[in-house]
Amino acid sequence: MTPYATVGNVTSYTDTGVTGGTAYYYTVAATNIAGTGAQSNELSATPTAASVPGASVLSAATAGRRGVQLSWTAAAPNGSSITSYRVYRSTSSSGPFSLLTTRSGTSTSYHDTATTSGHRYYYYVIAANAVGNGPPSNTASAVAR
């Protein structure tokens, strides 16, 4: 059998060249100056196929200093790292909502300073990963200062 990978003097290996939902079978053999030993027993693994992220929870929309402060929970990545959060805003609870900003995949807050004092704004957040956009969070609102 031709080796898939030669990894040196280690006791673990992570195979990053796999496809979700496909079964892979592995054996291990040690090599030293005298040659290669017998192969280990075979084990298999089937990585989970990645899917769109779960929904975030928009936990706060509060009037902050000159605007509205938002915070949300991190979305479940579902097998693919969160790449961004998209924040949407409207002046009506029924919309239409427009994309306000795109934040990094590690961000869980945003301060909206493009507001008018005394006006109510409505928000929701959508997490994205390499597979696509997740479902929208709940909607939260606040009156800007």
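One numbering rule holds for all chains: residues counted from 1, following each sequence as written. For a predicted model such as this one, the threshold for reporting local features is a pLDDT of at least 70, and the threshold for listing and counting side-chain atom pairs is 80 or more; totals across whole chains, interfaces and linings nevertheless cover every residue. Calculated side-chain values reflect all of the structure's heavy atoms, with hydrogen atoms and water omitted.

1. So, the side chain of Ser137
Right, on to step 1. For Ser137, the position within the fold is in the loop between β10 (120-129) and β11 (140-143).
Right, on to step 2. Partly exposed residues are those whose accessible area sits between 20% and 50% of the maximum for their type, while under 20% is buried and over 50% is exposed, using a 1.4 Å probe and protein chains only. Of the residues examined, Ser137 reaches a relative accessible area of 9% and is grouped as buried.
Right, on to step 3. Here, residues are in contact when the closest pair of their heavy atoms is within 4.5 Å. For Ser137, the residues in contact, after removing those within four places along its chain, are Ser56, Val57, Leu58, Tyr124 and Val125. Note on conventions: DSSP H or I runs of at least 4 residues are helices, E runs of at least 2 residues are strands, and numbering of each starts at the N terminus.

2. Examining the pattern of salt bridges
Right, on to step 1. Only one rule defines a salt bridge in this text: a Lys or Arg side-chain nitrogen within 4 Å of an Asp or Glu carboxyl oxygen. For the structure shown, the criterion picks out one salt bridge.
Right, on to step 2. Close ionic contact of Asp112 with Arg89 constitutes a salt bridge, the shortest N to O distance being 2.8 Å. Within this pair, whereas Asp112 is found in strand β9 (residues 109-112), its partner Arg89 is found in strand β7 (residues 82-90), the two being separated by 23 residues in sequence.
Right, on to step 3. Here Asp112 falls in the buried class, since its relative accessible area comes to 0%.

3. Description of the sheet that holds strand β6 (residues 67-72)
Right, on to step 1. Pairing is antiparallel across the open sheet formed by three strands, whose spatial order is β5-β6-β9. Where the open sheet ends on each side, the last strands, each with one partner, are β5 (58-64) and β9. Here the strands of the sheet are splayed against their neighbours by 15° on average, with no regard to which way each runs.
Right, on to step 2. In this sheet, β6 lies alongside β5 in antiparallel orientation, the contact comprising six bridges. Bridge pairing in β6 links Thr62 to Gln69. One requirement defines pairing of two strands: DSSP has to find at least two bridges between them. Convention adopted: a line fitted to C-alpha atoms gives each axis, helices being fitted over their contacting stretch, and angles between N-to-C directions are expressed from 0 to 180 degrees.

4. Topic: the layout of surface pockets
Right, on to step 1. Only protein atoms enter the 1 Å grid used here, on which a cavity is any set of points holding a 1.4 Å probe that cannot leave and a pocket is any open set flanked by protein within 12 Å on both sides along at least five of seven lines; residues with an atom within 4 Å of a point are listed as lining. Grid points are joined across faces, edges and corners, and a volume is the space filled by probe spheres set on the points. By volume, the largest pocket amounts to about 1,000 Å³.
Right, on to step 2. Surrounding the largest pocket, 29 residues form its lining, Ala5, Val7, Thr27, Val28 and Ala29 being those nearest its centre.
Right, on to step 3. The residue makeup of the lining of the largest pocket, split by class, is 15 nonpolar, twelve polar and two charged. All residues other than Ala, Val, Leu, Ile, Met, Phe, Trp, Tyr, Cys, Pro, Asp, Glu, Lys and Arg, Gly among them, are scored as polar; the first ten of these are nonpolar and the last four charged.

5. Concerning the packing of aromatic side chains
Right, on to step 1. The rule is short: rings of Phe, Tyr and Trp, with Trp giving its six-membered ring, pair when the centres are within 6.5 Å, and they are stacked under 30 degrees, edge-to-face over 60, tilted in between. Scanning the entire structure with this criterion turns up three aromatic pairs.
Right, on to step 2. Note on Trp72 and Tyr85: the rings are 5.7 Å apart at their centroids and 50° apart in plane angle, and the pair reads as tilted. Residue Trp72 is found in strand β6, and its partner Tyr85 is found in strand β7; the two are separated by 13 residues along the sequence.
Right, on to step 3. Residue class for Trp72 comes out buried when judged on its relative accessible area of 4%.
Right, on to step 4. Between the aromatic rings of Tyr88 and Tyr124, the centroid separation amounts to 4.9 Å while the plane-to-plane angle is 15°, which identifies the pairing as stacked. Of this pair, Tyr88 sits in strand β7 while Tyr124 sits in strand β10, and the two are 36 residues apart along the sequence.
Right, on to step 5. Residue Tyr88 is classed as buried on the basis of its relative accessible area, which comes to 16%.

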